[in-house]
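# Descriptive analysis of the structure
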Amino acid sequence: MALLSVFLFLTPAAFADVIEPGQKVITYDYKLTNIDNFPDFVFILHGMPNPSLEILNSSVFNFYKLSTCSIYAVPKTVFNNVQLDKMNESQVEEFLNNDSRVARSNLELDGIYKTVSSNDPLNSALVLLEIKSINNTNLDIQKTRVVYGYSDGKNDEKPFIVQNETPEHSDNGPEPVNYIYYLLLPILAIIIVSAYIIHRKRSK
Amino acid sequence: MYYLILPWIITIIIEFLIIWGIIQKKPGKLFIYSLLINSTTLPLATYSFNYFYSDLLVTEIVVVMVESVLLKILLETDYKIAFMISLAANTVTAVIGILVSL
């Protein structure tokens, strides 16, 4: 019964990555808000299991939901010389993690924000990243805000207080009109059942 | 709201057919019982699943228990039969739900 209600509006795709019936996964989108202030650097996204190498710009980016990624800053002159596109995956990884000319951030980016009910109006979670500084091999990037998008087109922006704790999205609950179904209908049914039982007992 | 109403209507019809198949009398009355029972349990179960506790098995168990009590009272039958009807009805709707989603 409850299963029918939940299953009826699921798409088969929901089963691809073992999502519980009636739920949906909200993945993170990211955006480097001030990348244009660092024109002498190439910013690279590298993660496990992927991407091996993705060059970032000021656009929104995302990646495979089960990946964990990091951002690296490579001076443009170095980038043009090393020809990363000709390296294999392990060479890219070796270069990004050990080369003294590469600035690394210890900020780890996750693919999944959370799993919510399929009826939850939450649609997206965009994390805004700000490059604070690049000093030798140290790249300081911080999460500044998260922008949640909802099915009604509204957005909800929340600042990061602690870097590794994403502020929760607003739980708006069901649309007001749906309370006719969720609340009014069962109350009405219970009243009718009670009245019917009382009437039946009195008739006996 | 259609995504709430459609499963409600389908559930009422399916559970009515199962109750009628077992009881085999007074279909009009049995349809009203199915309407009342599912109007009580389905909205509350859906709300609870979506906003409080998203565990389908637990939700289904609670629904089977509550519907057993309601069936026992409305059908004036013993608890064992009411439980069997409830279990059968909810298993069928669950299986149909799974098949529809595939």
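We now turn to the structure provided with this report. Treat the numbers as computed from the prediction; the structure is a model and nothing was measured. Counting restarts for each chain: residues are numbered from 1 in the order of the written sequence. Key to labels: chains lettered from A, ligands numbered from 1, both in the order written. Local features in a predicted model are, by the rule used here, given only for residues with pLDDT of at least 70; side-chain atom pairs are given and counted only at 80 or more, and totals for whole chains, interfaces and linings are based on all residues. With hydrogens and water excluded, all non-hydrogen atoms of the structure serve as input to the side-chain values.

### Describing the overall build of chain A
A run of DSSP states H or I qualifies as a helix once it reaches four residues; a run of E qualifies as a strand once it reaches two. Both are numbered from the N-terminal end. When helices and strands are counted, chain A shows four helices and 10 strands. The buried share of chain A, taken over its 204 residues, is 46%. Here the analysis covers contacts within chain A between residues at least 6 apart in sequence; of these, 60% occur between residues at least 24 apart. Computed with the Shrake-Rupley method and a 1.4 Å probe, the accessible areas treat only the protein chains shown as cover for residues. When the accessible surface of chain A is summed, it comes to about 11,000 Å², and 51% of that surface belongs to carbon and sulfur atoms. Whether a residue is buried, partly exposed or exposed follows from its accessible area with a 1.4 Å probe, protein chains only, as a fraction of its type maximum: under 20%, in between, or over 50%, in that order. By definition, residues are in contact when any of their heavy atoms lie within 4.5 Å.

### A closer look at the nonpolar core
Among the nonpolar cores identified, the biggest contains 31 residues, and Leu32, Phe43, Ile71, Leu109 and Leu129 of chain A are the most heavily contacted of them. The set of elements that each furnish at least two residues to this core consists of β1 (23–32), β2 (41–48), β4 (68–75), β7 (112–117), β8 (122–135) and β9 (138–150) of chain A. Ranked by residue count, the leading element in this core is β8 of chain A, at six residues. What Leu109 of chain A contacts, discounting residues up to four positions off in sequence, is Tyr30, Leu45, Phe61, Phe63, Ser67, Thr68, Cys69, Ile71, Leu129 and Lys143 of chain A. What makes a nonpolar core is a set of buried Ala, Val, Leu, Ile, Met, Phe, Trp, Tyr and Cys residues whose side-chain atoms join them at distances within 4.5 Å. Judged by nonpolar contacts, the second largest core, of 15 residues, contains Ile19, Tyr33, Leu75 and Ala82 of chain B.

### Description of the side chain of Thr77 of chain B
Residue and element names in this part refer to chain B. Structurally, Thr77 can be placed in the loop between α3 (56–75) and α4 (79–101). Judged by its relative accessible area of 19%, Thr77 is buried. Apart from the residues lying within four places of it in its own chain, the contact partners of Thr77 are Leu71, Lys72 and Ala82.

### Notes on the packing of aromatic side chains
Aromatic rings in a pair are described by how distant their centres are and how their planes are angled relative to each other. Whether two aromatic rings pair depends on their centres lying within 6.5 Å, for rings of Phe, Tyr and Trp, where Trp uses its six-membered ring; planes under 30 degrees apart make the pair stacked, over 60 edge-to-face, and the rest tilted. Going through the model one piece at a time under the given rule, you end up with 14 aromatic pairs over all chains. Measuring from centroid to centroid gives 5.6 Å for Tyr181 of chain A and Tyr182 of chain A, while their planes differ by 70°, and the two rings are edge-to-face. Each member of the pair, Tyr181 of chain A together with Tyr182 of chain A, is buried. A centroid spacing of 5.1 Å and a plane angle of 65° characterise the contact between Tyr182 of chain A and Tyr47 of chain B, whose relative ring orientation is edge-to-face. Taken together, the residues Tyr182 of chain A in helix α4 (residues 179–203) and Tyr47 of chain B in helix α2 (residues 27–51) connect one chain to another. In textbook terms, an aromatic cluster arises when at least three aromatic residues are bridged by ring pairs, as seen for Tyr28, Tyr30, Phe61, Phe63, Tyr113 and Tyr148 of chain A.

### Structural notes on the pairing of β9 of chain A
Residues and elements named next belong to chain A. A pair of strands is labelled paired if DSSP reports no fewer than 2 bridges between them. In the sheet, β8 pairs with β9 via 12 bridges, with the strands oriented antiparallel. The residue bridging Leu126 from the neighbouring strand is Val147, located in β9. Hairpin connection of β8 to β9: two residues between the antiparallel strands, including Asn136 at a positive phi of 50°. Where β9 meets strand β10 (residues 155–159), five bridges bridge the pair, whose relative direction is antiparallel. Residue Arg145 lies in a different strand from β10, and its bridge partner there is Pro159. The turn joining β9 and β10, which pair antiparallel and follow one another in sequence, is formed by four residues; a positive phi near 90° is taken by Gly153.

### Considerations on the packing of α4 of chain A against helix α1 (residues 2–23) of chain B
Note on definitions: angles span 0 to 180 degrees between N-to-C directions of axes, and those axes are lines fitted to C-alpha atoms, for helices only across the stretch in contact. Packing of α4 of chain A against α1 of chain B brings their axes to within 10 Å, and their N-to-C directions diverge by 40°. Comparing their axes, α1 of chain B and α4 of chain A come out oblique. Counted together, Tyr181, Tyr182 and Leu185 of chain A of α4 of chain A and Leu4, Ile5 and Trp8 of chain B of α1 of chain B form the full contact between these two elements. Partitioning the contact of α4 of chain A with α1 of chain B into residue classes produces six nonpolar, no polar and no charged. Note on terminology: angles under 35 degrees are roughly parallel, angles over 145 are roughly antiparallel, angles of 65 to 115 are roughly perpendicular, and the others are oblique. Classes in brief: Ala, Val, Leu, Ile, Met, Phe, Trp, Tyr, Cys and Pro nonpolar; Asp, Glu, Lys and Arg charged; the others, Gly included, polar.

### What about the packing of α4 of chain A against α3 of chain B?
Look at α4 of chain A against α3 of chain B: their axes get within 11 Å of each other, and the N-to-C directions meet at 35°. You can see that α4 of chain A and α3 of chain B cross each other, and the crossing is left-handed. Side by side, α4 of chain A and α3 of chain B meet where Val193, Tyr196, Ile197 and Arg200 of chain A of the first sit next to Leu70, Ile73 and Leu74 of chain B of the second. Among the residues forming the contact of α4 of chain A with α3 of chain B, the class breakdown is six nonpolar, no polar and one charged. Less than a right angle of anticlockwise turn of the near helix away from the far helix marks a crossing as left-handed, whereas a clockwise turn marks it as right-handed.

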